[in-house]
Amino acid sequence: KAGVTQTPRYLIKTRGQQVTLSCSPISGHRSVSWYQQTPGQGLQFLFEYFSETQRNKGNFPGRFSGRQFSNSRSEMNVSTLELGDSALYLCASSLNGQGSIQYFGAGTRLSVL
Amino acid sequence: TQLLEQSPQFLSIQEGENLTVYCNSSSVFSSLQWYRQEPGEGPVLLVTVVTGGEVKKLKRLTFQFGDARKDSSLHITAAQTGDTGLYLCAGASSNTGKLIFGQGTTLQVKP
């Protein structure tokens, strides 16, 4: 069974640009959650999608958005990038949502210059 | 806002030593998960504890969930270099349905 796949693995962008990250969950998993991981703040929850609907949202500005497709694949978009957006972005899939076991991808390392 | 405080943040020990990592909160969680993350990878689940007072053992790792379901600990016996990594606890909120992560404990086991 294939694991969670995140693409791309690495990205370099400049301030003001926008970026789209992709996540393919484990087959059969309907929940996809996104997290931002930085050395200073740890793992911060961005949002969770379940069956194409955003079910939970963290405390991030509106520049961070996401969506989920009918095949459960999810994308995350960050507009008007800031230096502080540099981080490892992790996606996790699960069968039933946040309370159940999270299976993480290897992440996308975003560097904003 | 529910918070999970993990301690210590950093731990550097010699191979063969024992260690304990703590995860504390003032909130009650329906379950608590422990993950380990290695460089360049995403976190991988080690264990889930659900019942207050529950103790689970995974080889040299012992996990405990507090009686009140507000805290948890991870004890490693005779640490090995392969135990090196970032250990994260995560509590599932019964109110919001969100999973809240602690800040993590970076463990370095030296040969």
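As a starting point, this report considers the structure included with it. Since the model is a prediction, treat every value here as computed from it, not as a measurement.

Cut-offs applied
- Residues numbered from 1 in each chain as written.
- Chains lettered and ligands numbered in written order.
- Predicted model: local features only at pLDDT ≥ 70, side-chain atom pairs only at ≥ 80, totals over all residues.
- Heavy atoms only, no water.
- Salt bridge = Lys/Arg side-chain N within 4 Å of Asp/Glu carboxyl O.
- Helix = DSSP H or I, 4+ residues; strand = E, 2+ residues; numbered from the N terminus.
- Buried < 20%, exposed > 50% of the residue type's maximum accessible area, 1.4 Å probe, protein only.
- Contact = heavy atoms within 4.5 Å.
- Buried area = accessible area lost by both parts, 1.4 Å probe.
- Polar contact = N/O pair within 3.5 Å; in protein donor to acceptor, adjacent residues only side chain to side chain.
- Nonpolar A, V, L, I, M, F, W, Y, C, P; charged D, E, K, R; others polar.

## A look at the pattern of salt bridges
Residues and elements named next belong to chain A.
Here's step 1: Across all of its chains, the model carries 8 salt bridges over all chains by this definition.
Here's step 2: With a closest N to O distance of 3.6 Å, glutamate 82 and arginine 63 form a salt bridge. You can see glutamate 82 sitting in the loop between β8 (74-78) and β9 (87-94) and its partner arginine 63 sitting in the loop between β6 (53-57) and β7 (64-68), a full 19 residues away along the chain.
Here's step 3: A residue is classified by how much of its surface remains accessible, and arginine 63, at 16% relative accessible area, is buried.
Here's step 4: For the salt bridge of glutamate 75 with arginine 67, the shortest nitrogen-to-oxygen distance reads 3.2 Å.
Here's step 5: Using a relative accessible area of 16% as the deciding quantity, one classes glutamate 75 as buried.
Here's step 6: Since its relative accessible area comes to 46%, arginine 67 is described here as partly exposed.
Here's step 7: Each member of the salt-bridge network shares a partner with another, and the members are Arg63, Glu82 and Asp85.

## Describing the interface of chain B and chain A
Here's step 1: Contacts between the two partners involve 19 residues from chain B and, on the opposite side, 22 residues from chain A.
Here's step 2: Summed over both partners, the interface of chain B with chain A buries about 1400 Å², with 49% contributed by carbon and sulfur atoms.
Here's step 3: Across the contact surface, chain B and chain A share 0 salt bridges.
Here's step 4: Remark: the boundary between chain B and chain A carries 6 residue pairs in polar contact (both at pLDDT 80 or more).
Here's step 5: Listing elements by their share of the side of chain B that touches chain A, those giving two or more residues are β4 (29-37), β5 (44-49), β9 (85-93) and β10 (99-101) of chain B.
Here's step 6: Top contributing element to the side of chain B that touches chain A by residue count: β4(B), with 4 residues.
Here's step 7: Among the residues forming the side of chain B that touches chain A, the class breakdown is 8 nonpolar, 9 polar and 2 charged.

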